[in-house]
Amino acid sequence: MQLVLASQSAARLQVLRGAGIEPVQYVSGVDEDALASSLPSASPEQLVASLAEAKARTVADAVAGDHPDSVVIGCDSMLAHEGMLVGKPGTPERARERWIMMGGGTGVLLTGHTVLRIQGGVLGALASGTAQTTIRFGSPSPAEIDAYISTGEPMVVAGGFTLDGFGGWFVDGVDGDPSSVIGISLPLTRRLLVEVGVSVVDLWARR
C-alpha cells in the first residue's frame with residue numbers, strides 16, 4: 001500500500017521518512033485563501049480540518065488511477081496567537097510584525113489532517129482530526145528577526161516560524177507533539193489511519 005502526501009512540504013516529507021515511510025508527494029493546488037474566505041463562521045479547528053480535507057480529496061481524485069491501493073494524507077496548519085489565526089505571512093513586512101508580536105509569548109499551533117483511503121481505484125473511507133500544540137517563543141533581537149527574515153523561511157510557513165529550521169533557534173519550548181509543529185502529527189496520523197482500516201506498520205518501508 002502506498003502513502004500519498006498531499007503536500008509539497010519538504011519538512012512533512014522528512015518527518016515521514018524519518019518515521020519509516022517513503023511517501024509519494026502531490027501538490028493539491030487548493031486555493032487556501034479562497035476556501036478560508038468561503039468559511040467565515042468556521043472555528044479555527046474546523047478551518048484547518050476543512051483545508052486538510054480539501055487537499056486530500058483533490059489529490060485523491062488525481063492519483064486514484066496511478067495508485068489504486070493507497071492512502072492520501074492532507075494537512076494544514078495555522079497558529080492561534082492572541083485571538084488571531086495566523087497562516088503564512090507571505091511578505092517580509094508581515095513576518096516582521098508577527099515576530100515582534102510573538103516574541104516572548106506563546107501561541108497554539110493548530111494542525112488539521114485528513115486521511116482518505118483508495119481501494120481498487122475507488123475513494124473510500126475518510127477520517128479527519130486536529131491536534132493542538134503550545135509554542136513558547138523566545139525573544140529574538142531586532143537584528144535576529146531581520147536575519148531570520150533574510151533567510152526567506154518565515155514567509156512561507158504557518159505562523160512565520162519553523163521548529164526544524166532557522167526558526168528553531170527562537171523557540172524556547174513546545175508543550176505537545178513536536179511532529180505536529182513540523183507539519184504532520186505522527187500520533188494523529190496513526191489514529192486516523194486506524195479509522196480507515198490501515199495499520200501504520202503496513203506502510204513502513206522494509207529495508
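Rules behind the numbers
Residues numbered from 1 in each chain as written. Predicted model: local features only at pLDDT ≥ 70, side-chain atom pairs only at ≥ 80, totals over all residues. Heavy atoms only, no water. Helix = DSSP H or I, 4+ residues; strand = E, 2+ residues; numbered from the N terminus. Rg over C-alpha atoms; globule rule 2.2 N^0.38 Å. Core = buried A, V, L, I, M, F, W, Y, C linked by side-chain atoms within 4.5 Å. Buried < 20%, exposed > 50% of the residue type's maximum accessible area, 1.4 Å probe, protein only. pLDDT = per-residue confidence, 0-100. Phe/Tyr/Trp six-rings, centres within 6.5 Å; stacked < 30°, edge-to-face > 60°. Arc of directions from axis to C-beta. Contact = heavy atoms within 4.5 Å. Polar contact = N/O pair within 3.5 Å; in protein donor to acceptor, adjacent residues only side chain to side chain. 1 Å grid on protein atoms, 1.4 Å probe; cavity = no way out; pocket = protein on both sides within 12 Å on 5 of 7 lines; lining within 4 Å. Points joined across faces, edges and corners; volume = space filled by probe spheres on them.

Asker: How would you summarise the overall build of the protein if you had to cite specific residues and measurements?
Answerer: Helix and strand counts for the protein come out as seven helices and seven strands. In the protein, the succession of α and β elements from N to C terminus is β-α-β-α-α-β-β-α-β-β-α-β-α-α. Taken over the C-alpha trace, the protein has a radius of gyration of 17 Å; the compact-globule value for 207 residues is 17 Å, and the two agree within 12%. If one aligns the C-alpha atoms of the protein with their principal axes, the spans along those axes are about 55 × 40 × 25 Å.

Asker: Hey, could you go over the nonpolar core for me, with residue numbers and the actual values?
Answerer: Counting 20 residues, the largest nonpolar core has L3, V71, V115, I184, L193 and L203 as the members making the most contacts within it. Put simply, the parts of the chain that give this core at least two residues each are strand 1 (2–5), helix 1 (10–18), strand 3 (70–81), strand 6 (122–137) and helix 7 (186–195). Within the second largest apolar cluster, 16 residues are counted, among which are W99, I135, F137 and Y148.

Asker: If you had to explain the confidence of the model for the protein to someone new, which residues and values would you point to?
Answerer: Taken over all residues, the pLDDT of the protein has a mean of 93, while the share at 70 or more is 99%. Here strand 4 (residues 84–86) stands out as the element of the protein with the lowest mean pLDDT, 83, in contrast to helix 7, whose mean of 98 is the highest.

Asker: Quick rundown of the packing of aromatic side chains? Include the residues and the values.
Answerer: With the rule as written, the count across this model stands at five aromatic pairs. Seen from their ring centres, W99 and F137 are 5.5 Å apart, and the 80° between their planes marks the pair as edge-to-face. Residue W99 is found in helix 4 (residues 92–102), and its partner F137 is found in strand 6; the two are separated by 38 residues along the sequence. As far as the burial class goes, W99 and F137 line up, both buried. An angle of 75° between the planes, with centres 6.0 Å apart, marks the rings of W99 and F170 as edge-to-face. Here W99 is found in helix 4, whereas its partner F170 is found in the loop between helix 5 (142–150) and strand 7 (171–175), with 71 residues between them in sequence.

Asker: Can you lay out helix 7 for me, pointing to particular residues and giving the numbers?
Answerer: An α-helical segment advances 3.6 residues per turn. Residues three or four places apart therefore align on the same side. Restricting attention to buried positions, one finds in helix 7 the residues L188, T189, L192 and L193. The buried residues of helix 7 occupy an angular sector of 135° when the element is viewed end-on, so they sit on one face. Buried-residue contacts for helix 7 involve strand 3, strand 5 (106–119) and strand 6. The distance from a side-chain oxygen at the start of helix 7 to the backbone nitrogen of L188 is 3.2 Å, and the residue carrying that oxygen is S185. The first or second residue beyond helix 7 is G197, which carries a positive phi of 85°.

Asker: Tell me about the layout of surface pockets, and please be specific about residues and values.
Answerer: Roughly 870 Å³ of volume is contained in the largest pocket. The wall of the largest pocket is formed by 38 residues, among which E32, K88, V156, V157 and A158 lie closest to the centre. Those elements that place two or more of their residues in the lining of the largest pocket are helix 1, helix 2 (32–37), helix 3 (44–63), strand 3, strand 4, helix 4 and helix 6 (178–182). No other element matches the four residues that strand 3 contributes to the lining of the largest pocket.

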